[in-house]
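A closer look at the structure
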Amino acid sequence: MTEGILHRSFLDLHELMARREISSVDVTRATLERVQRLDPDVGAYLLVTEEQALAQAVEADRAYAEDRANALTGIPFALKDIISTLGIRTTCGSRILENYVPVYQGQVAGRLLESGAVLIGKTNMDEFAMGSSTEHSGFFPTRNPWDRDRVPGGSSGGSAAAVSAGMAAFALGTDTGGSIRQPASLCGVVGLKPTYGRVSRYGLVAFASSLDQIGPIARSVPEVAAVLGVIAGHDPHDSTTLRAEVPDYRAGLTGEVRGLRIGVPKEYFPDTLESGVAAAVSQGLASLESLGAHLVDISLPMTDAALSCYYIVAPSEAMSNLARYDGVRYGLREQAADVWTLFDRTRERGFGAEVKRRILVGAYALSKGYYEAYYVKALEVRALVQRDFEAAFQQVDVIAGPTSPTTAFRLGERLDDPLSMYLADAFTLPANMAGICGVSVPCGLAGGLPVGLQILGPKLGEQTILRVADAYERSAGFNVLVPPLTFGAPA
Ligand code: GLN
């Protein structure tokens, strides 16, 4: 079997497995070999679960033989290392959890494993999902398979890079302010942030609980739809999950967008937008128009304010969520004569610079005297961001624009400038503030690097945004962008 098959849609692989033309063991072995060959140069994985993967593949082949298989059975996938996996180390990209092994299964991990998908490993990420480049990983940065001097985006950079390089058929990421859509955009793959509450967060280590959402990354829209169908739905273990029924997302991909109204917010096309990104996205919008959709100029006036507001709300929640890492119950523990010194030393050593920055900002925003001026104010602004979208969705069915203002930037370029790193999420984080859904779909290249088209929909509008993304993907004809992987190739 050639490695080329690893760039095929897993829905095709499933058909081939169902006809016994290939086996899950073949595909799993080929994937593991590819990881072994390419990942030393990419750094997408923090942990490869080789032995378990092969055992799961054997089990999957048995399921096919006994006609118990579904579309995910036997398919190799990866999980961002912030999703708890029973008995499998889960670090959140942090030294403080370097040796943490969960004693329970995250809901999404359980659902995927029950459906027979094969876990290849846990992917690299910015520490506790704070970042947009995966350079804030406590272990090592991930590199973009399109250009190894560039970042894959973040914080789910390992997941996006693994899928882009064919080291997993799909992966899960998490998106608190853009961490699924932005890396998907920078790596040339599809990434979906579901509506807040669509997917259970049980077993997701919390960053900012009112914003965090788990979602799929894959190389095409139908694959993303198939994964969403398995992970979405109510979960009694997560009281914020919605009780809404889970539609057949794949069945909704009709290719039809005629008459659909697509809002194009002027705030998503500022002068600072990279010209190659602007050109690719405009072309993407034009092709949706030629498919019969109507483009409508709209305004989302709170876009700028949303960014400032996010950087109060997210750190405030993070500061509270991260208080549990004190060296007492789990994770790293530094020795000390008294408990306060133990806390101090553990946190000093266990947390990286960005996490410390967030904790400090959060503590400041929540402290007496500043709470009203910062945190309460930010909540008020958040309500206005929500209203922005509500007003827009009175007028249009979906909203479209660039996912990220730039293509993949160079490693190190923004590390010393937190603000420029934060700006990477200007177009993605408003959706988290409002709790709505969004997808990033590849819309060509600029300077040889992938560009993502973002499509936002109202709450529970996943079917609609996936339909638009799929129609676009079909018409664009480059529904799988394969990075030029010349590195690590056998001579
Ligand atoms: N880059 C944003 C941040 O650093 C968003 C991260 C995310 O979505 N997890 O907070």
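A short tour of the structure in this document, coming up. As the structure is a prediction and not an experimental result, all values here were calculated from the model.

Here we come to the pairing of strand β10 (residues 437–446). With 9 of 10 residues buried, β10 lies mostly within the body of the structure. Note that strand β5 (residues 190–193) and β10 share 3 bridges and pair antiparallel. Counted as the bridge partner of Leu 192 is Val 439 from β10. With 8 bridges connecting them, β10 and strand β11 (residues 449–457) associate as antiparallel partners. If you follow Cys 437 over to β11, its bridge partner there is Gly 457. Joining the antiparallel neighbours β10 and β11 is a turn of 2 residues, in which Gly 447 adopts a positive phi near 60 degrees.

For Asp 175, the location among the structural elements is in the loop between β4 (170–174) and α6 (181–187). Classification of Asp 175 as buried rests on a relative accessible area of 0%. Excluding residues within four positions of it along the chain, Asp 175 makes contact with Ile 180, Arg 181, Lys 193, Leu 211, Asp 212, Gln 213 and Asn 432.

Quick look at the pattern of salt bridges now. By the definition in use, this model includes 18 salt bridges. Of the charged contacts in the structure, one is a salt bridge between Asp 238 and Arg 201, with a shortest N-O distance of 4.0 Å. Taken together, the residues span a long stretch of sequence, with Asp 238 in the loop between α7 (221–231) and β7 (261–265) and Arg 201 in the loop between β5 and β6 (214–218) at a distance of 37 residues. Arg 201 gets classed as buried once you look at its relative accessible area, which sits at 16%.

Time to look at the site of the ligand. Lining the immediate surroundings of the ligand are 15 residues, of which Gly 177, Ser 179, Tyr 310, Arg 358 and Asp 425 lie closest. Measuring from a nitrogen atom of the ligand, one finds a side-chain N or O atom of Ser 155 at 3.5 Å. At 2.8 Å from an oxygen atom of the ligand is found a main-chain nitrogen or oxygen belonging to Thr 176. Burial of the ligand by the protein amounts to 99% of the accessible area it has alone, namely 290 Å².

Formed by 124 residues in total, the largest nonpolar core has its most connected members in Phe 128, Phe 170, Phe 389 and Ile 455. Of the residues forming this core, the biggest block, 9 residues, is contributed by helix α9 (residues 303–321). With sequence-adjacent residues up to four places away left out, Phe 170 is seen in contact with Phe 10, Leu 72, Ile 75, Pro 76, Phe 77, Ala 78, Leu 112, Ala 117, Val 163, Ile 217, Ala 218 and Val 227. Counting 26 residues, the second-largest nonpolar core is a separate cluster that includes Leu 38, Tyr 45, Ala 168 and Ala 184.

One pass over the structure, following the stated rule, counts 2 cavities of 30 Å³ or more. Within this model, the largest cavity holds a volume of roughly 70 Å³. Lining the largest cavity are 13 residues, and of these Gly 131, Ser 179, Tyr 310, Tyr 311 and Asp 425 sit closest to its centre. Here the residues of the lining of the largest cavity are counted per class, giving 5 nonpolar, 6 polar and 2 charged.

Right, let's talk about the layout of surface pockets for a bit. Counted as a void, the largest pocket has a volume near 310 Å³. What lines the largest pocket is a set of 15 residues, among which Pro 270, Thr 272, Leu 423, Ala 426 and Phe 427 lie closest to the centre. If you tally residues by element for the lining of the largest pocket, the top one is α9, at 3 residues. Considering only enclosed or pocket space, the second largest pocket measures out at about 220 Å³ in volume.

A word on helix α5 (residues 157–164). Within α5, 8 of the 8 residues are buried, which leaves the element mostly enclosed by the surrounding structure. Those residues of α5 that fall on the buried side of the exposure criterion are Gly 157, Gly 158, Ser 159, Ala 160, Ala 161, Ala 162, Val 163 and Ser 164. Gly 166 sits one or two residues past α5 and shows a positive phi near 70 degrees.

Quick look at the packing of helix α2 (residues 24–42) against helix α3 (residues 50–65) now. Interhelical geometry of α2 versus α3 gives an angle of 160 degrees and a closest axis separation of 8 Å. The pairing of α2 with α3 is recorded here as roughly antiparallel in orientation. Viewed along their axes, α2 and α3 form a crossing whose handedness is right-handed. Counting all contacts with α2, which are made through Ser 24, Val 25, Thr 28, Arg 29 and Leu 32, the residues of α3 involved are Glu 50, Ala 53, Leu 54, Ala 57, Val 58, Ala 60 and Asp 61.

Definitions and limits used
- Residues numbered from 1 in each chain as written.
- Predicted model: local features only at pLDDT ≥ 70, side-chain atom pairs only at ≥ 80, totals over all residues.
- Heavy atoms only, no water.
- Buried < 20%, exposed > 50% of the residue type's maximum accessible area, 1.4 Å probe, protein only.
- Helix = DSSP H or I, 4+ residues; strand = E, 2+ residues; numbered from the N terminus.
- Pairing = 2+ DSSP bridges.
- Contact = heavy atoms within 4.5 Å.
- Salt bridge = Lys/Arg side-chain N within 4 Å of Asp/Glu carboxyl O.
- Near = heavy atom within 4 Å.
- Polar contact = N/O pair within 3.5 Å; in protein donor to acceptor, adjacent residues only side chain to side chain.
- Areas by Shrake-Rupley, 256 points an atom, 1.4 Å probe, with all protein chains shown as cover.
- Core = buried A, V, L, I, M, F, W, Y, C linked by side-chain atoms within 4.5 Å.
- 1 Å grid on protein atoms, 1.4 Å probe; cavity = no way out; pocket = protein on both sides within 12 Å on 5 of 7 lines; lining within 4 Å.
- Points joined across faces, edges and corners; volume = space filled by probe spheres on them.
- Nonpolar A, V, L, I, M, F, W, Y, C, P; charged D, E, K, R; others polar.
- Axes fitted to C-alpha atoms, helices over the stretch in contact; angles between N-to-C directions.
- Parallel < 35°, antiparallel > 145°, perpendicular 65-115°, else oblique.
- Left-handed = near helix turned anticlockwise from the far one by under 90°.

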